[in-house]
Structure formats: structure tokens, C-alpha cells
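What the coordinates show
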Amino acid sequence: MRKYLLRKLGIYTLTLWVAVTLNWLLPRLMPGDPVRRMVSQVAAINPEVVHVMEDYFQRMFGLDVPMWQQYLNYWAALFRGDLGISAWMFPRPVSEIIMGALPWTLGLMIPAIGLSWIVGNRLGALAARSKWLDNTTLPVGYLLTATPYMWISILLAYLFAMQLGWFPVAFGFNPQLVPVWSWTFAWSVLQHWFLPFLSLFMVQLGGWAIGMRNMIIYELESDYANYLDSLGASRKMIRRYAFRNALLPQVTGLALQLGTVIGGALVTEIVFAYPGLGRLILNAIQNQDYFLLQGVLLFVVIGVLIANFVIDIVYVLIDPRTRTGMET
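Description of the structure in this document. Keep in mind the model is a prediction, meaning the values are calculated, not measured. (Residues numbered from 1 in each chain as written. Predicted model: local features only at pLDDT ≥ 70, side-chain atom pairs only at ≥ 80, totals over all residues. Heavy atoms only, no water.)

Looking only at helices and strands, the protein chain features 13 helices and 0 strands. When its helices and strands are written in sequence order, the protein chain yields α-α-α-α-α-α-α-α-α-α-α-α-α. Taking the principal axes of the C-alpha coordinates as reference, the protein chain spans close to 90 × 60 × 35 Å. Taken across its 328 residues, the protein chain has 42% of its residues classed as buried. Here the contacts in the protein chain between residues at least 6 apart in sequence split such that 72% fall between residues at least 24 apart. Carbon and sulfur atoms make up 68% of the accessible area of the protein chain, which amounts to about 18,700 Å² in all. Of the side-chain charges in the protein chain, 22 are positive and 17 negative, and the distance between the mean point of each set is 12 Å. (Helix = DSSP H or I, 4+ residues; strand = E, 2+ residues; numbered from the N terminus. Buried < 20%, exposed > 50% of the residue type's maximum accessible area, 1.4 Å probe, protein only. Contact = heavy atoms within 4.5 Å. Areas by Shrake-Rupley, 256 points an atom, 1.4 Å probe, with all protein chains shown as cover. Lys, Arg positive; Asp, Glu negative; His and termini not counted. Charge placed at Lys NZ, Arg CZ, Asp CG, Glu CD.)

The phi angle at Phe171 is positive, at roughly 75 degrees, despite the residue not being glycine. Structurally, the position occupied by Phe171 is in the loop between helix H7 (149-163) and helix H8 (183-220). With phi around 50 degrees, Ala273 is a residue other than glycine that occupies positive phi space. Secondary-structure assignment places Ala273 in the loop between helix H10 (235-271) and helix H11 (277-286).

For Arg37, the position within the fold is in helix H2 (residues 34-43). Here the alpha-carbon distance between Arg37 and Leu6, two residues 31 residues apart in the chain, equals 46 Å. Sequence-distant contacts of Arg37, that is, excluding residues within four places in its chain, are made with Gln286, Asn287 and Gln288.

What follows deals with a nonpolar patch on the surface. Taken together, Leu14, Trp17, Val18, Leu22, Leu26 and Leu29 make up a surface patch of nonpolar side chains, about 610 Å² in accessible area. By secondary structure assignment, the location of Val18 is in helix H1 (residues 2-29). (Patch = residues over 30% accessible without salt bridge, like charges linked within 9 Å, V, L, I, M, F, W, Y side chains within 5 Å. Salt bridge = Lys/Arg side-chain N within 4 Å of Asp/Glu carboxyl O.)

This part takes up the packing of aromatic side chains. Here the structure, examined in full by the defined rule, presents 13 aromatic pairs. Relative to Phe173, the ring of Trp104 has its centre 5.9 Å away and its plane inclined at 25 degrees; by these criteria the two rings are stacked. Highlighted residues: Trp104 in helix H5 (residues 94-128) and Phe173 in the loop between H7 and H8, separated in sequence by 69 residues. As far as the burial class goes, Trp104 and Phe173 line up, both buried. (Phe/Tyr/Trp six-rings, centres within 6.5 Å; stacked < 30°, edge-to-face > 60°.)

Structure, rendered in C-alpha cells:
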């Protein structure tokens, strides 16, 4: 177990280093200069101070040194927990801005991922032994899985918000309310949360249902299922063993799908103007604030790696064959 965890930890550490390096490099390859954008408004009023302000901000953001030194300074700042200062919302720290948006993204993603995985697996298991449910689940599941997150979000916003008026179309809460702990504010947050959650839930639900349905059918036709049936075991017991074995690939699939789910969540937040990390990424790109952009992407990368590492540990605990392989 220790060797397995150390090997996995080494792989994730290497992955983190590559991801952080690309996260630092790619925004700097984007066209535009955040410092010049900051001083562009001053240039029309007082052109004489433009060069002074540019030099000041270049030193403040650490852009007055060679690229290799910027890279080393970036790693040194990360070890101190410093993500820098936002150029778009100057002089607010990037970490403060991200921590303000992170609860909205987590509150949207965790229920969508968890409920879609649980409901999808149960629905797929039922469809594997019910013909009419299988004929319904399979085509609907393929349709939902093939539909991009953005399309589902736009359709839900058009139908339930713009046409029926049941839910608000944008934002995380009513802009006329003050963010305080009250039933009115909580109800407004819940109303604005539902459509983004539903779009993520629907797309993921179809994939989990199809995957579990196919795995259950495969397990019910395997040798151990036929052997148990020949011994006179009940169908209920055979299906219970089949469900447990079919659940293992679904756990692996959950780890593989986390990156896709997070990407879909960010796109969904942009469609609904939801105040999460996706909205921050859009604003950072529009305002050429690659300090904020690399900070948000760093949080996303670290979150995906941590979740995958936890799932790897869970997989070892729930699959005895993995522990047996470690011992040999």
C-alpha cells in the first residue's frame, strides 16, 4: 500500500509540475499586455505619466526581469501561498478574488457530480433488467451525453427562464438583494442555482446510466454469474454481486470524467453569468489579466488532481483485487 501511494504521489507531483508550468507559460503567450491595458485610460488624460506608471506596474507584477527569473519567482510565490495581484481588479489579491468565487462553483459542482453519479448508476442498473426502461433510458442517455453543456444550458434558460418564467436567467442571486444570511436571500440563491445545476446533472446522468447498464449486462453474462445460477442462487443475489463489480469501472470513470465535468461547469457558469470560477476565467481573458487567469486555472488543476488521488485511494479500498496485486 505504501509503495502504491508513493508511486501515485510521484506521478501526481510530476503532473502538477507540468500543469503549473503550462499554466504559467500559456497566459504569457496570449496577445495583449495587462499593464498597457491598465494605463491605456490614463494615456488619453495625461500622456506624460504613462511611462512612469508602466515602469511602476512592471516592477509590481514582476515583469521587469527575464522570463526564467519570472518563472522561478512564480514558484517561490506559490510556496508562500501568494498568487499575485489582479490587474483587472487592482489592487485586490488573486487569492481573495478566487476564494470569493470558489464556494459558488463547489456548491454547483459537488451536488451535480454526486447526484448524477448515484442516480445514473441506479437508473442504469434498473434498465439492465427492465426492457421498457432500457428502451427509454438508452436513447435518452445517448442524446443527453452527446449534447454539449452549453446547448443544454441555453435550452434550459430559454424554456424555463425566458418562456415560462419559472426561474431567473442569470446571476447567483437577485442583484437587488444584499448578501446576508436570510431566508429571502437563501431562496434567491436556490432559484438561481437550479438551472445551472440541472444542466450539469442532465448531461452527466446519461453517461453514467449507459455505462452502468452496459456493465451490468456484461457482468450478468460472466462465468461467475452463470456458476451462481447453476448452484441455485437467487437472481437478487446475483444482481447484487453484478452491481458491485460493475460499480468499480464507474469509480474509475468518475476520476476520468472530473476534468470534463469541471470544464462543463465553467462553460455553464458563463452561460448563466453565475459568479463562480468560470465567470472569473471569462473576465480574466477579456481584461487580459493573466495573473487572475493562471490563479483560477491553478485551482482547477489542483482540485482535479486531488480528487483523482482520493478516488485512487478509494478504489484500492473497495477492490480487493488491487490490494492482492500489491502484495504480489
